[in-house]
Amino acid sequence: MQVTVFSKRLPVEPIISVLICLSIALWVTHFVLQKQQWTALKNYSDYALNYASGVTADLKTGVVSAQSSPYTACSHNDLELLRDLLWQHKYLKDIGRVQNGNLICSAERGVLKEAVALPPADAVLNNGVSFWRNSSALIRTHFEMDMTLTGSVLAITSPFAFDAIRYPDPTVSAIIYSKNNRYVFKTFGFNQPRDLASSAQMTSATLSYASCSEVNVCVMGERDRAGIFSLSFSQHLILVFASCLSGFGLYSLVHKARKHRHSMVYHLKNAITKDELSIVFQPKIRLSDSMPVGVEALVRWDSHALGVVRPDVFIEVAEKYGLIRKITHRVIDLSMAQMQATLDAKPDFTLSINLSIQDLTDLSLLPFILAKAKQYKIQHEQLVFEITERSAGDSVSLSDIVKQYTEAGISISLDDFGTGYSNLAWLGHLNASEIKVDQSFTQSIGTDSINQTMLDAIFSLLQRLNVVRVFEGVETQEQADYILQYCPQAIVQGWLYAKPMPIDQLQGYLSQTTNGLDR
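Being a predicted model, the structure only gives us computed values, none of them experimental. (Residues numbered from 1 in each chain as written. Predicted model: local features only at pLDDT ≥ 70, side-chain atom pairs only at ≥ 80, totals over all residues. Heavy atoms only, no water.)

### Notes on the overall build of the chain
Phase 1 of the analysis: For the chain, the count of helices and strands is 14 helices and 21 strands.
Phase 2 of the analysis: The buried share of the chain, taken over its 519 residues, is 45%.
Phase 3 of the analysis: Of the contacts made within the chain by residues no fewer than 6 positions apart, 61% connect residues no fewer than 24 positions apart.
Phase 4 of the analysis: Accessible surface computed for the chain: about 28,000 Å², of which carbon and sulfur atoms make up 54%. (Helix = DSSP H or I, 4+ residues; strand = E, 2+ residues; numbered from the N terminus. Buried < 20%, exposed > 50% of the residue type's maximum accessible area, 1.4 Å probe, protein only. Contact = heavy atoms within 4.5 Å. Areas by Shrake-Rupley, 256 points an atom, 1.4 Å probe, with all protein chains shown as cover.)

Put into structure tokens, the structure is as follows:
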């Protein structure tokens, strides 16, 4: 028995889309969370530092006041002063006098019958202040209290000094320590000693922030898990699920766009064969007297299936899928047929038609143009074919083709001048009889953009060339006046004078314009 094995290719694009979305979601989530957690950690560390600095400043003030006592140590007046200090400084548990390493009196216990020897200090700072972390054995209390010795003044910190401080988030730890030798006064949340940092640090998984105050007290805050590492398992699942949905959504959009583009090819082929393409004409105006001297034929597509499709969209599709030559042939045929009567009545009137580089290299195109011109009885001198310099063609090899057009009496116009490849090289090799300056330069008139500066240079160049000068995109009177000032022979196109229009409207426009000038 023969067994048939069916193989199915794993869909790669959906998986790639999901992975891309997951990566972006993880990175964005991690970045946002880390920033929020960093801000929260800094705020808490600064808060703890301010609190600890307040405790330290209060204790130091009490010690300085005790050191300034004018009374004999442990005298009645001295003890009264020490007791007043306990009332004035809320973080002092007790304050006393030390002589030869022995506590001899304090505000709470008065004069001791037997002096109490101080144990070895846990730490001695650079300024000579001694620290004891737990003084419960010395003062016989169940509370753990810090104790400092400054000169002969012993200060015992209240065990409740840090009770009012707000504890951090469970994932945040903090250390209060001395600046000079890193003696730890208080810890929050740490289960084991940490290497105390002197500055802020941020890694992919942890955050730490440290700062010090003017009273030489420092606080370091640390977060063990930061960003996405702080999320729970369920939160990770939600993030992955949302990323998968986004990934499939992205894939659907890309797939839909690709399908639409391929669908556009199908409908464009039908449009060429079923005459869905139409022609509109935009007048070309001689600026000196506002007289129409020609038109430019522009193709339009109102699809029954897709609606109105912009020319830049379907022309790009046509060039990519080899349909541009059929469109060009159709545009030439339609525009010559519709303009036949106008061109016959106006011998100096011109018809401009756009060609792509693919069209220009089509050796069958020129015979087709000559045949159509003969069919519609149009003079070759009335035809202008515009080619755009944005097309990356070889201007040297194209010059031979252009020469065939010019020898037949057909004019070549260099379209969108100033925006593409090697302007001067194209001028030198193609022997164009007309130059159309791109509308981006026209619309820069009256602005401070770099295009305005370039336009002035273009004016200077055009004055030295024996070509027809056409300026596209004239929409304001300011633009028209500026061009007229620097290029009186210019021809213009733009909505200031006329929008593209079908042949019946064009004929009415030309009739009104001519009659207006005659009057």
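After presenting the structure, the write-up continues.
### A short note on the layout of surface pockets
Phase 1 of the analysis: In this structure, the largest pocket occupies an estimated 1,100 Å³ of space.
Phase 2 of the analysis: Every residue lining the largest pocket is counted, 36 residues in all, and those nearest its centre are Glu296, Leu298, Pro311, Asn354 and Asp415.
Phase 3 of the analysis: For the lining of the largest pocket, the secondary structure elements donating two or more residues are strand S14 (291-303), helix H5 (311-320), helix H6 (324-345), strand S16 (350-355), strand S17 (383-388) and strand S18 (411-417).
Phase 4 of the analysis: By residue class, the composition of the lining of the largest pocket is 13 nonpolar, 10 polar and 13 charged.
Phase 5 of the analysis: Here the second largest pocket defines a volume of roughly 490 Å³.
Phase 6 of the analysis: Surrounding the second largest pocket, 25 residues form its lining, Thr56, Lys60, Phe131, Thr148 and Phe185 being those nearest its centre.
Phase 7 of the analysis: When contributions to the lining of the second largest pocket are tallied by element, the ones reaching two or more residues are helix H1 (12-67), strand S6 (147-150) and strand S8 (172-178).
Phase 8 of the analysis: Counting residues per element, the lining of the second largest pocket draws most heavily on H1, which supplies 8 residues. (1 Å grid on protein atoms, 1.4 Å probe; cavity = no way out; pocket = protein on both sides within 12 Å on 5 of 7 lines; lining within 4 Å. Points joined across faces, edges and corners; volume = space filled by probe spheres on them. Nonpolar A, V, L, I, M, F, W, Y, C, P; charged D, E, K, R; others polar.)

### Observations concerning helix H13 (residues 477-486)
Phase 1 of the analysis: Residues of H13 that are buried include every one of Gln479, Ala480, Tyr482 and Ile483, and no others. What you see down the axis of H13 is that its buried residues fit within an arc of 165°, all on one side. Among the exposed residues of H13, those oriented more than 90 degrees off its buried face are Glu478 and Gln485. (Arc of directions from axis to C-beta.)

### With respect to the packing of aromatic side chains
Phase 1 of the analysis: With the rule as written, the count across this model stands at 9 aromatic pairs.
Phase 2 of the analysis: Arranged with centres 5.4 Å apart and planes meeting at 40°, the rings of phenylalanine 459 and phenylalanine 471 form a pair that is tilted. Of this pair, phenylalanine 459 sits in helix H12 (residues 450-462) while phenylalanine 471 is found in strand S20 (residues 468-471), placing the two residues 12 residues apart along the sequence. Phenylalanine 471 matches phenylalanine 459 in its accessibility class, with the two residues each being buried. (Phe/Tyr/Trp six-rings, centres within 6.5 Å; stacked < 30°, edge-to-face > 60°.)

That is the geometry; function is a separate question.
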